[in-house]
Amino acid sequence: MKQEDRHNNLLQILNEYNKSGIIPMHMPGHKRNAKMLNNDLPWKLDITEVGDFDNLHNPTGILKDSMNRAAKLWGSRHAYYLVNGSTAGILSGIHACTNYGDKILIARNCHKSVYHAIEICGLNPIYIEPAVIESYDIYGSILPKDIKNTLNKHPDIKLAVITSPTYEGIISDISSIANILHKKNIPLLIDEAHGAHLGFFSGLPKGAVDLGADIVIHSLHKTLPSLTQTGVMHIQGDLVCEKKIQHALSVFQTSSPSYVLMASIDNCIDLLEKHGEELFEKWSNQLKIFSESTSKLKHLRVFGSEKNHADNSSVYAYDPAKILISCNNTNYSGTAIQNKLLSEFNIQLEMAYLNNALAITSICDDDESLIRFAKALIEIDNECVKINNEKSNLSFSPSIQTQKIQI
């Protein structure tokens, strides 16, 4: 974008970008696929709490009914809409389950909002480090045995917070971890911001709601067709006080929630209720074709495509919605892959770093998108030259692992 274009109307810039034809292999999950979604967002839906339009912080009508539908769809006891992103849900969940000075168990790869909650609530973090997938230089799953060992050392922990799936799609054994924590009456909060789509068809791993987590936070916009900043907070079990959750949500969420955002949440739920099965089946077939097309890459590697990868013990499960491309031991970096895909193939990835590049897929990707993406990777792979790269080190030193945040 030219510097002078930055001063144009935002809507104009968005419209121009939308007409560019760039394939969005990144979030939000709706992928700007207006033809498929066929809705009427956003302007004429942008109202406030008037008439029969209910109140997000004290729902008794249409919003309550919509949130009940969300709870039923995911199988939770209660669902709350999030219009300030997953961040609001994470802050609210931690605030509701702890008191000043409490110990909280968190994984080292948690979202920054968890650290912000610790700062705001005056908590003492007890860190647990995920396993490392050395061949991809990413963090793997949180191991249940590490949870158990940490609880033996710190039996006064009041809450555990884990990210699953990770940004790269790595999933932890939530069921086993929840069982370990529940034996000690400790609630489990799962940051499942990147996993709202999990469990919607047999080819996907189950989501944390099904696996027994007490609080589950979903960012709908990351992998499902809902506008950016929308999410859902799920509550279940008897270890979490819903009154405290409701109070915390009123603290950390805006008092003027956007009906455009809430309408997109409701539209997402409606779409999944009516067409979810066929959409997820179609998407699953697209991913199978992509996997088959890229299975013979000579230099680049796509995580999860190998039948037996070397770091099997570090991964409990993975999310096929994420396509993690490793260019380790080639003449490309992750950033070079990302730049080449955009400049030569008109494909924008979600992120690139070190020797990795990451794409996010969703049920809103059309058939051509993944086919073009696979062909582009094959062309780049044919240009790769094998070299020996230096390995990065994701391990934390013991001094960092035990460090506490100063309040």
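Please refer to the structure placed before this passage.
What counts, and at which threshold
- Residues numbered from 1 in each chain as written.
- Predicted model: local features only at pLDDT ≥ 70, side-chain atom pairs only at ≥ 80, totals over all residues.
- Heavy atoms only, no water.
- Axes fitted to C-alpha atoms, helices over the stretch in contact; angles between N-to-C directions.
- Helix = DSSP H or I, 4+ residues; strand = E, 2+ residues; numbered from the N terminus.
- Parallel < 35°, antiparallel > 145°, perpendicular 65-115°, else oblique.
- Left-handed = near helix turned anticlockwise from the far one by under 90°.
- Contact = heavy atoms within 4.5 Å.
- Nonpolar A, V, L, I, M, F, W, Y, C, P; charged D, E, K, R; others polar.
- Phe/Tyr/Trp six-rings, centres within 6.5 Å; stacked < 30°, edge-to-face > 60°.
- Buried < 20%, exposed > 50% of the residue type's maximum accessible area, 1.4 Å probe, protein only.
- Patch = residues over 30% accessible without salt bridge, like charges linked within 9 Å, V, L, I, M, F, W, Y side chains within 5 Å.
- Areas by Shrake-Rupley, 256 points an atom, 1.4 Å probe, with all protein chains shown as cover.
- Salt bridge = Lys/Arg side-chain N within 4 Å of Asp/Glu carboxyl O.
- Pairing = 2+ DSSP bridges.
- Core = buried A, V, L, I, M, F, W, Y, C linked by side-chain atoms within 4.5 Å.
- Arc of directions from axis to C-beta.
- 1 Å grid on protein atoms, 1.4 Å probe; cavity = no way out; pocket = protein on both sides within 12 Å on 5 of 7 lines; lining within 4 Å.
- Points joined across faces, edges and corners; volume = space filled by probe spheres on them.

### A word on the packing of helix H4 (residues 85-97) against helix H9 (residues 242-252)
Working note: a packed helix pair is described by the angle between its axes plus the distance between those axes.
Logical step 1: Two elements in contact, H4 and H9, have axes separated by 8 Å at closest approach and are oriented at 135°. Regarding the angle of H4 to H9, the classification is oblique. Our pair here, H4 against H9, has a crossing hand that is right-handed. Facing H4, whose interface residues are Ala 88, Leu 91, Ser 92, Gly 93, His 95 and Ala 96, H9 presents Lys 244, Ile 245, His 247, Ala 248, Leu 249 and Phe 252.

### Some details on the packing of helix H11 (residues 334-345) against helix H12 (residues 367-383)
Logical step 1: At their nearest, the axes of H11 and H12 sit 11 Å apart, and the two run at 115° to each other. The element H11 and its partner H12 pack so that their crossing is right-handed. Facing H11, whose interface residues are Ile 337, Lys 340, Leu 341 and Phe 345, H12 presents Arg 372, Phe 373, Ala 376, Leu 377, Glu 379, Ile 380 and Glu 383.
Logical step 2: Its residues assigned to classes, the contact of H11 with H12 shows seven nonpolar, no polar and four charged.

### Topic: the packing of aromatic side chains
Logical step 1: A complete count under the given rule lists ten aromatic pairs for this structure.
Logical step 2: Summarising the aromatic geometry, the rings of Phe 200 and Phe 280 are spaced 5.3 Å apart at their centres and angled 5° between planes, so their arrangement reads as stacked. Here Phe 200 is found in the loop between strand E9 (188-191) and strand E10 (215-219), whereas its partner Phe 280 is found in helix H10 (residues 259-294), with 80 residues between them in sequence. Grouping residues by exposure puts Phe 200 and Phe 280 together as buried.
Logical step 3: For the ring pair Phe 290 and Phe 373, a centre distance of 5.4 Å and an interplane angle of 25° mean the geometry is stacked. Of this pair, Phe 290 sits in helix H10 while Phe 373 sits in helix H12; the two residues are 83 residues apart in sequence, bridging distant segments of the chain. For the residue pair Phe 290 and Phe 373, the accessibility class agrees, reading buried in each case.
Logical step 4: The rings of Trp 74, Phe 200, Phe 201, Phe 280 and Trp 283 are connected pair by pair, giving a single aromatic cluster.

### Here's the deal with a nonpolar patch on the surface
Logical step 1: Together, Ile 47, Val 50 and Phe 53 make up an exposed nonpolar region whose accessible area comes to about 230 Å².
Logical step 2: Turning to its location among the elements, Ile 47 is positioned in the loop between helix H2 (34-37) and helix H3 (62-74).

### Quick notes on the sheet that holds strand E2 (residues 78-82)
Logical step 1: Pairing is mixed across the open sheet formed by seven strands, whose spatial order is E2-E11-E10-E9-E7-E3-E4. The two strands at the open ends of the sheet, each matched to only one other strand, are E2 and strand E4 (124-128). Taken pair by pair, the neighbouring strands of this sheet meet at an average axis angle of 20°, ignoring direction.
Logical step 2: Direction of pairing for strand E3 (residues 103-107) relative to E4: parallel, over a ladder of five bridges.

### Describing the nonpolar core
Logical step 1: One finds Trp 74, Tyr 81, Phe 280, Leu 300, Leu 341, Ile 347 and Phe 373 to be the most contacted residues of the largest nonpolar core, which totals 60 residues.
Logical step 2: Here this core gets 13 residues from one element, more than from any other, and that element is H10.
Logical step 3: Apart from residues no more than four positions distant in its own chain, Trp 74 is found in contact with Ala 196, Phe 200, Val 209, Asp 210, His 218, Leu 220, Leu 224, His 234, Ile 269 and Leu 272.
Logical step 4: Counting residues in each nonpolar core, the second largest holds 28 residues, with Ala 96, Ala 117, Leu 159 and Val 161 among its members.

### Let's talk about the pairing of strand E14 (residues 322-326)
Logical step 1: With five of five residues buried, E14 is to be regarded as a mostly interior element.
Logical step 2: A two-sided burial pattern is seen for E14, the buried positions comprising Lys 322, Leu 324 and Ser 326 on one face and Ile 323 and Ile 325 on the other.
Logical step 3: Both strand E12 (residues 301-302) and E14 contribute to a ladder of two bridges, which runs antiparallel. Bridge pairing links Arg 301 to Ser 326 in E14.
Logical step 4: Where E14 and strand E17 (residues 356-360) come together, five bridges link them in antiparallel fashion. What sits directly across from Ile 323, in E17, is Ala 359.

### Examining the sheet that holds strand E16 (residues 351-353)
Logical step 1: An order of E12-E14-E17-E16 is seen for the four strands of this open sheet, with the pairing classed as antiparallel. Among the strands making up the open sheet, the edge pair consists of E12 and E16.

### Points about H9
Logical step 1: Listed in full, the buried residues belonging to H9 are Glu 242, Ile 245, Ala 248, Leu 249 and Phe 252. Mapping the buried residues of H9 onto a view down its axis gives an arc of 120°, with all of them on the same face.
Logical step 2: Of the surrounding elements, those touching the buried residues of H9 are E2, H4, helix H5 (112-121), E10 and strand E11 (231-235).

### Thoughts on the pattern of salt bridges
Logical step 1: Scanning the entire structure with this criterion turns up eleven salt bridges.
Logical step 2: Arg 77 is the salt-bridge partner of Glu 242, the closest N and O atoms lying 2.5 Å from each other. Highlighted residues: Glu 242 in helix H9 and Arg 77 in the loop between H3 and E2, separated in sequence by 165 residues.
Logical step 3: The class of Glu 242 is buried, set by a relative accessible area of 18%.

### Notes on the layout of surface pockets
Logical step 1: Considered as a void within the structure, the second largest pocket measures approximately 510 Å³ in volume.
Logical step 2: Taken together, 28 residues line the second largest pocket, and the ones lying closest to its centre are Asn 109, His 111, Thr 166, Tyr 167 and His 194.
Logical step 3: Contributing elements (two or more residues each) for the lining of the second largest pocket: H4, H5, strand E6 (138-139), helix H8 (220-223) and E16.
Logical step 4: Of the residues in the lining of the second largest pocket, the class split is ten nonpolar, twelve polar and six charged.

Keep in mind that these numbers describe shape and distance, not what the molecule does.
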